[in-house]
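Letter by letter, the chains look like this.
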Amino acid sequence: MSLLFVAPGWDERPWLNRFAALLPGHAIVTPATLVDRAAVRYAIAWRPRRGLLAELPRLEAIFSLGAGVDAILSDPDLPDVPIARIVDPDLTARMSEWVVLHCLMHLRQTRRYERQQRESVWDDDDDQPAARDVRVGILGFGELGRDAASKLAALGFPVAAWSASPKTAPAIACFDGPAGLEAMLARTDILVCLLPLTAATRGFLNARLFARLPRDGRLGGPILINAGRGGLQVEADILAALDSGALKGASLDVFETEPLPRESKLWSHPAVFVSPHNAAISHPDSVARAIAAQIQAHERGEPLRHVVDRGRGY
Ligand code: NDP
Ligand code: OXD
């Protein structure tokens, strides 16, 4: 019985070593060492090539190496087996670190003080809003949105969150559905996107949405922070909104095309922070353990956890 690890562009060694130690009864193969396709029961995947998983006739389950499954679901030949995604406290904590960091960088005007330091300028003549003066709205109130929301609320930010279905949470104003989106945007100074990329959310962060954000908040204009997926955002609209004042700044971890092309204007825009899609990496120590535990539970006849709803796309 074997397990196929497929993650093009990743360093496979730490993963293969961990899976070999955690699942000694399984042969661990990669696309390069795959010979007996009928022996593969499980695929552990990040952006597998189209059609690869359909070549495995006895596949029982697919384990996404990430929390997002849009790349796996985009394979039109995907076999009809359950897909489990990653829900992992280490990944969640990393994402909240990134979201909190960027909310604080915009709140505390990091770009301005970097520029002043470069120019040896001592200028403390500014309005310093407190976290309590700056309203954060989070698009997506799932595993990642919930954790980030509670950590931002603990810092004093008034936090709201928006999801597809109704939710409640202590100290968070919860909104859902189209009417809920309007209401949340109307009270948002920093918009944080932690949505999955699906048919319903593609291109969601666009000029029409930015126009609904208030411009009179304490930061001098709305801030966009996106760590969901690049396909959620229309980059031409972000750049135009930054130029028109519909947005004051942006922090982007994900892009329409990755790696972000060298010619993208986002790289050099003074109001944009770019990070290379690593807001929350899947660390082999915790993620391999979580996937191995799922495989062991499946083999004991227990149901898989965190199974993706293919109809919804997340
Ligand atoms: P979850 O599935 O736990 O949460 C998704 C949230 O989005 C849910 O609250 C869901 O609503 C909401 N949602 C989905 N579609 C819609 C819609 N059409 N309208 C309104 N709300 C919607 O996902 P996670 O929190 O675990 O992860 C979110 C995304 O973060 C991933 O899909 C991935 O793309 C991205 N990610 C990025 C990383 C990075 O390093 N940049 C790392 C990890 C993840 P409901 O609760 O009602 O279902
Ligand atoms: C993920 C990611 O989905 O890293 O986990 O983007």
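See above for the structure.
All residue numbers refer to positions counted from 1 along the written sequence of the respective chain. In the order they appear in the text, chains get letters beginning with A and ligands get numbers beginning with 1. Given that this is a predicted model, residues contribute local features only at a pLDDT of at least 70 and side-chain atom pairs are listed and counted only at 80 or more, while totals for whole chains, interfaces and linings are drawn from all residues. Hydrogen atoms and water are omitted, and side-chain values are computed over all heavy atoms in the structure.

## Concerning the overall build of the chain
What counts here: Only DSSP runs of H or I covering at least 4 residues are called helices, and only runs of E covering at least 2 are called strands; the numbering of each starts at the N terminus. Here the globule rule is a power law, 2.2 Å times the number of residues to the power 0.38, and the radius of gyration is based on C-alpha atoms. Accessible area is worked out with a 1.4 Å probe on protein chains only. A residue is then buried under 20% of its type maximum, exposed over 50%, and partly exposed in between. We call two residues in contact when some of their heavy atoms are within 4.5 Å. All accessibility values rest on the Shrake-Rupley procedure with a 1.4 Å probe; residue burial counts only the protein chains present in the view. Residues scored as positive are Lys and Arg, those scored as negative are Asp and Glu, and His as well as the terminal groups of each chain are ignored. Here the site of a charge means NZ on Lys, CZ on Arg, CG on Asp, or CD on Glu.
Helices and strands together make up the secondary structure of the chain, namely nine helices and 12 strands. Taken over C-alpha atoms, the radius of gyration comes to 21 Å for the chain, in line with the 20 Å a tight globule of 314 residues would show. By residue count, 50% of the 314 residues in the chain fall in the buried class. Partitioning the contacts of the chain with sequence separation of at least 6, the portion at a separation of at least 24 is 63%. When the accessible surface of the chain is totalled, it reaches about 14,900 Å², and 53% of it is carbon and sulfur. Averaging the positions of the 35 positive and the 37 negative side-chain charges in the chain gives two centres separated by 1 Å.

## A look at the pairing of strand β11 (residues 249-252)
Stated precisely, the cut-off is as follows: Two strands pair under a simple rule: DSSP has to find at least two bridges between them. Handedness of a crossover is defined as follows: orient the strands so they point away from the viewer, and if the path from the first strand over the helix to the second runs clockwise, the crossover is right-handed.
Along β11, one buried face is formed by Gly 249 and Ser 251 and the opposite face, lined by Ala 250 and Leu 252, is buried too. Sheet analysis places strand β10 (residues 223-226) next to β11, joined by four bridges and oriented parallel. If you follow Asn 226 over to β11, its bridge partner there is Leu 252. Running through helix α8 (residues 235-244), the crossover from β10 to the neighbouring parallel element β11 is right-handed. Here three bridges tie β11 to strand β12 (residues 272-274), and the two strands are oriented parallel to one another. Each residue of the ladder has a partner; that of Ala 250, found in β12, is Val 272.

## Side note on the environment of Leu 78
Within the secondary structure, Leu 78 sits in the loop between α2 (70-73) and β5 (83-84). Sequence-wise, Leu 78 and Arg 118 are 40 residues apart; in three dimensions their C-alpha atoms are separated by 52 Å. For Leu 78, the contacting residues outside a window of four places in its chain are Leu 53, Ile 62, Ile 72, Leu 73, Ile 83 and Arg 310.

## Comments concerning the sheet that holds strand β4 (residues 61-64)
Note the threshold: Axis lines are fitted to C-alpha atoms, over the contacting stretch for helices. Their N-to-C directions set the angle, which ranges from 0 to 180 degrees.
Reading across from one edge, β2-β1-β3-β4-β5 is the order of the five strands in this open sheet, with parallel pairing throughout. The open sheet has two free edges, formed respectively by β2 (27-29) and β5, since each of these has just one partner strand. As paired strands, strand β1 (residues 2-6) and strand β3 (residues 40-45) are joined by five bridges and run parallel to one another. Note on β3: the bridge partner recorded for Val 6 is Ala 45. In the packing of helix α9 (residues 284-299) onto the sheet, contacts are made with β1, β3, β4 and β5, and the angle to β3 comes to roughly 155 degrees.

## Observations concerning the site of ligand 2
To keep things clear, this is the line we draw: One heavy atom suffices: a residue is near a molecule or strand as soon as one of its heavy atoms comes within 4 Å of it. What qualifies as a polar contact is a pair of N or O atoms within 3.5 Å, subject to a donor-acceptor requirement within protein and to the restriction that residues adjacent in sequence count only when both atoms come from side chains. Basically, the charged four are Asp, Glu, Lys and Arg, the nonpolar ten are Ala, Val, Leu, Ile, Met, Phe, Trp, Tyr, Cys and Pro, and anything else, Gly included, counts as polar.
Around ligand 2, the structure places Trp 46, Gly 66, Ala 67, Gly 68, Leu 91, Arg 229, His 277 and Ala 280. Note that an oxygen atom of ligand 2 is positioned 2.7 Å from one of the side-chain N or O atoms of Arg 229. For ligand 2, the accessible surface in isolation is 210 Å², of which the surrounding protein chains cover 86%. Split by residue class, the shell around ligand 2 holds four nonpolar, three polar and one charged.

## Considering the site of ligand 1
Lining the immediate environment of ligand 1, one finds 30 residues, of which Arg 85, Ser 165, Lys 167, Asp 253 and Tyr 314 sit closest. Between ligand 1 and Phe 141, the relevant distance is 2.9 Å, taken from an oxygen atom to a main-chain nitrogen or oxygen of the residue. A distance of 2.5 Å is found between an oxygen atom of ligand 1 and a side-chain nitrogen or oxygen belonging to Ser 165. Look at ligand 1: alone it shows 940 Å² of surface, and the protein chains cover 91% of it.

## Considerations on the pattern of salt bridges
Applicable threshold: Note on definitions: salt bridges are taken to be side-chain nitrogens of Lys or Arg within 4 Å of carboxyl oxygens of Asp or Glu.
Per the stated rule, a full pass over the model turns up 19 salt bridges. One network of salt bridges, in which partners are shared, links Arg 37, Arg 49 and Glu 55.

## Observations concerning the packing of helix α3 (residues 89-107) against helix α5 (residues 143-154)
Defined as follows: Angle categories: roughly parallel below 35 degrees, roughly antiparallel above 145, roughly perpendicular from 65 to 115, and oblique for all the rest. Two helices that cross are described as forming a left-handed crossing if the nearer one is turned anticlockwise from the farther one by less than a right angle, and a right-handed crossing if clockwise.
Running from N to C, α3 and α5 cross one another at 50 degrees; their axes reach a closest spacing of 9 Å. Considered as vectors, α3 and α5 are oriented oblique to each other. Taken as a pair, α3 and α5 cross one another with a handedness that is right-handed. Within the contact between the two elements, α3 uses Leu 91, Thr 92, Ala 93, Met 95, Ser 96, Val 99, Val 100 and Cys 103 and α5 uses Glu 143, Leu 144, Asp 147, Ala 148, Lys 151 and Leu 152. Per-class residue counts for the contact of α3 with α5 are nine nonpolar, two polar and three charged.

## Description of the sheet that holds strand β7 (residues 159-163)
The parallel open sheet is built from seven strands, whose spatial order is β8-β7-β6-β9-β10-β11-β12. Two strands lie at the open edges of the sheet, namely β8 (172-176) and β12, each paired on one side alone. Neighbouring strand axes in the sheet, compared pairwise and without regard to direction, differ in orientation by 15 degrees on average.

Treat this as a map of the structure, not an account of what it does.
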